[in-house]
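So the chains spell out like this:
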Amino acid sequence: MESGSNDIFNYFLPYDSPTLDPGAFVQAMLTEVGDLIDQIYKLGARRIALFSLGPVGCIPARALLPGAPVDKCFGKMNLMVKKYNKGLESLVNDMPIKYPGAVGVFGAVYDIVQRFRAIPAQYRNSSAGSQNHNKNIKYIIK
């Protein structure tokens, strides 16, 4: 499962002042994920995959947020993402102890997306060009 990107993005929306500081907000999100894992384990899930968030502070919409930079990633947002991702990884690492018979897998997405952003040409299929924009583009992670 992957969830949380909208929560972190919405934390910075000007319409409603957050009642929690960023660290407490991330911890509340992780508590919700832990509760969900408890529920699905009780229902019989034994193979559980959690995927980290990508760099939410780098999405184009971040430029619309008050105080967010328009020419670079929003560092405060990505700091929350990194804390959340670290917490997710801890939840996965604790699964074999907390949930007998369960296997947890952590999908580390953040760094991969950052690599795509930093050096997109390295991951582009050589046959994908402007004339092939309707074809599937394949990315290879090296």
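In what follows, the accompanying structure is described.

Thresholds, definitions, all that
- Residues numbered from 1 in each chain as written.
- Predicted model: local features only at pLDDT ≥ 70, side-chain atom pairs only at ≥ 80, totals over all residues.
- Heavy atoms only, no water.
- Salt bridge = Lys/Arg side-chain N within 4 Å of Asp/Glu carboxyl O.
- Helix = DSSP H or I, 4+ residues; strand = E, 2+ residues; numbered from the N terminus.
- Buried < 20%, exposed > 50% of the residue type's maximum accessible area, 1.4 Å probe, protein only.
- Expected span 1.5 Å × (residues − 1).
- Arc of directions from axis to C-beta.
- Phe/Tyr/Trp six-rings, centres within 6.5 Å; stacked < 30°, edge-to-face > 60°.
- Lys NZ or Arg CZ within 6 Å of the ring centre and 35° of its normal.

### Some thoughts on the pattern of salt bridges
Per the stated rule, a full pass over the model turns up 1 salt bridge. In this structure, the salt-bridge partner of Lys-98 is Asp-38, at a minimum N-O distance of 3.8 Å. Within this pair, whereas Lys-98 is found in helix α3 (residues 75–98), its partner Asp-38 is found in helix α2 (residues 22–42), the two being separated by 60 residues in sequence. Given a relative accessible area of 52%, Lys-98 falls into the exposed group.

### As for α2
With 21 residues, α2 ought to run about 30 Å at 1.5 Å a step, and its terminal C-alpha atoms sit 31 Å apart, in line with that. Turning to α2, its buried residues are Val-26, Met-29, Leu-30, Val-33, Gly-34, Ile-37 and Tyr-41. Looking straight down α2, one finds that the buried residues subtend no more than 145° of arc, so they occupy a single side. Opposite the buried face of α2, by more than 90 degrees, sit the exposed residues Glu-32 and Lys-42.

### With respect to the packing of aromatic side chains
In total, this model carries 4 aromatic pairs according to the counting rule given. Between Tyr-11 and Phe-25, the ring centres sit 4.8 Å apart and the planes meet at 50°, which makes this aromatic pair tilted. Residue Tyr-11 is located in helix α1 (residues 5–11), and its partner Phe-25 is located in helix α2; the two are separated by 14 residues in the primary sequence. On the basis of relative accessibility, which here comes to 11%, the residue Tyr-11 falls in the buried class. Of the aromatic side chains, those joined through ring pairs into one cluster are Tyr-11, Phe-12, Phe-25 and Phe-74. In this structure, Arg-46 packs its charged tip against the face of Tyr-41, placed 3.8 Å from the ring centre.

Limitation: the analysis is restricted to geometry and does not speak to function.
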